[in-house]
Amino acid sequence: MCLALPALAAANGPAWVAELSDTTPSRADALEVTIPVGSHVAVGVYNTDAVTPQPPAGVAATVRVLWLEHRTVFRGTPNEREAAIPYYLPLPRDCAPTGSWVVELQPETAGHYAVPIACNTNTVTVDLTVIDLPPSEIGYGLYTDSARYPDPLREPEYDADMAAHGCNTLTPYARELPAEFGVDNTSSAVLLAWHIDTAIDAGLVDLRFPLLCLSIGPDQLGLARQYARHEWPELVGYNNDEPAPSARQAVEECSAQWHAAGFRTGTAITLESALAAGGSLDIWVLLMETVSREAIAVCVDQGKEQWLYNCVLRGSNAALERYYAGVYTWAVKPRVCLSWAYTHDPESRIQPGGTWNLTRYYGKAVAERDGMPLPTVALEGMQEGIIDSRLLQELERRNTPEGNAYLARLREQVPLDFWPDGKGRGYDSEREGYYVWDIPDTAVPPVDLPAMRRDVLRLLRGATN
């Protein structure tokens, strides 16, 4: 069981504001942020015991506490230090003040908005610019195993929350549903149809991107469309999950079943396993730690559709999550980018009575006491990364000499095996006292992401003049 930390010593200002994913904040009293229509922004407000947003008409504001996990990181090494790891973003009713806050700002339409935020001793301001921007050319989604939802009755709200954080696809599982939904739980086809249509109702499905369908076989997947209420994208059958290099025969047998039923098939896989066992797959969902220029070339040579996934980050480190979803994914150029997972542990939530039971294990979201979504900093970082990627795609479309030169330099800063300095989650894992989350919680991306967005916006403005 995890309980909210007690309030820290008084944080009496002056308050300052910064992007939640900024690893080198300037501690300013004003922040300029640009986002596309349909998005929101979550900004950090620090060194104050209270925040009161004063949004203009057309902008909704929500105040959350920035909950911090205090621990010693890299214990037993020269880098050992005390750290406060930003993690959950609960409502003030459920968490004592920590001196750090997150204010979510949701504008309704394009335009410029000045949002003052009154603090203990001073007022900070967010200057928010909202622009029109084409949708992403990449599918973005979180693994969505509904058996892991803290409150299964909240699935429509969870779908809407993923869409609100920039996702445009999901991985539907043909899972059983609560009796309250009135769905036939004896038919996998009916269950899958309900999950897909519910996601479409929430605006979570872009028809351009296939849906990777899990916990269902070829026969039932073939029947699912007859229960659809909406137009669907292509359905793809899931193969053996994360197969070992030795699993070639099992993967081939599964692929044969999917192909005989008229479906393409793919699975989450490392490059090593893809090369050894993935010849019969149509889609390689490559683990980002194993991506390289050679891996991308092999996908092209073998006619494989290249997707991307990660299963080695959790709800911390907004900057690293922003980097993964943003400039890194833009550089890799998968058709679809996935992350494990929206929720991981159904018991990880604030219980109805207000007691915390938050396990800090993979999920990008947990649940409030009423079952509604409770975000992590990683979920907010993911949305920022998706916005970065869309802006980079727009700069590519403009095809200007200055913009192309900038993008070429940017690509050179992005190691395709993902981890900064090549030190992944397992680095130094033989050390006594090693803690698997130290690197993911503290790694700093190789790109200054707020500065990058400012550069891209400047180049986009220049391209329209």
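Now for a look at the structure at hand.

## Topic: helix H9 (residues 401-412)
Under the 1.5 Å per step criterion, the end-to-end length of H9 is 17 Å for twelve residues, consistent within 8% with the ideal 16 Å. Looking at H9, one finds that the buried residues are Gly403, Tyr406, Leu407 and Leu410. Looking straight down H9, one finds its buried side chains confined to an arc of 100°; they lie on one side. In this structure, H9 carries Pro401 and Glu412 as exposed residues pointing more than 90 degrees from its buried face. In this fold, the buried residues of H9 make contact with helix H7 (318-332), helix H8 (377-398) and helix H11 (449-464).

## Observations concerning empty space enclosed by the protein
Tallying each qualifying case throughout the model produces six cavities of 30 Å³ or more. Size it by volume and the largest cavity reaches roughly 80 Å³. Taken together, Glu19, Leu20, Ser21, Val33, Val41, Ala42, Val43, Ala318, Glu380, Gly381, Gln383 and Glu384 form the lining of the largest cavity. The element contributing the most residues to the lining of the largest cavity is H8, with four residues. Residue composition of the lining of the largest cavity, by class: six nonpolar, three polar and three charged. Lining the second largest cavity are Tyr88, Pro150, Thr343, His344, Asp345, Ser348, Thr359, Arg360, Tyr361, Gly363, Ala365 and Val366. Looking at the lining of the second largest cavity residue by residue, the class counts come to five nonpolar, five polar and two charged.

## Some thoughts on the packing of aromatic side chains
Geometrically, a pair of aromatic rings is defined through the distance of the ring centres and the angle of the planes. Scanning all chains against the criterion turns up 21 aromatic pairs. When the ring of Tyr158 is compared with that of Tyr342, the centres are 5.8 Å apart and the planes differ by 50°; the resulting orientation is tilted. Taken together, the residues span a long stretch of sequence, with Tyr158 in helix H1 (residues 155-164) and Tyr342 in the loop between strand S18 (336-339) and strand S19 (349-350) at a distance of 184 residues. For the pair formed by Tyr158 and Tyr342, the shared burial category is buried. A ring pair is formed by Tyr323 and Tyr328, whose centres lie 6.0 Å apart and whose planes are at 45°; its orientation type is tilted. This pair shows no difference in class: Tyr323 is buried, exactly as Tyr328 is. Clustering of aromatic rings is evident, with ring pairs tying together Tyr323, Tyr324, Tyr328, Phe418 and Trp419. The ring of Trp437 has Arg425 lying over it, and the distance from NZ or CZ to the ring centre is 5.0 Å.

Rules of the game
- Residues numbered from 1 in each chain as written.
- Predicted model: local features only at pLDDT ≥ 70, side-chain atom pairs only at ≥ 80, totals over all residues.
- Heavy atoms only, no water.
- Helix = DSSP H or I, 4+ residues; strand = E, 2+ residues; numbered from the N terminus.
- Expected span 1.5 Å × (residues − 1).
- Buried < 20%, exposed > 50% of the residue type's maximum accessible area, 1.4 Å probe, protein only.
- Arc of directions from axis to C-beta.
- Contact = heavy atoms within 4.5 Å.
- 1 Å grid on protein atoms, 1.4 Å probe; cavity = no way out; pocket = protein on both sides within 12 Å on 5 of 7 lines; lining within 4 Å.
- Points joined across faces, edges and corners; volume = space filled by probe spheres on them.
- Nonpolar A, V, L, I, M, F, W, Y, C, P; charged D, E, K, R; others polar.
- Phe/Tyr/Trp six-rings, centres within 6.5 Å; stacked < 30°, edge-to-face > 60°.
- Lys NZ or Arg CZ within 6 Å of the ring centre and 35° of its normal.

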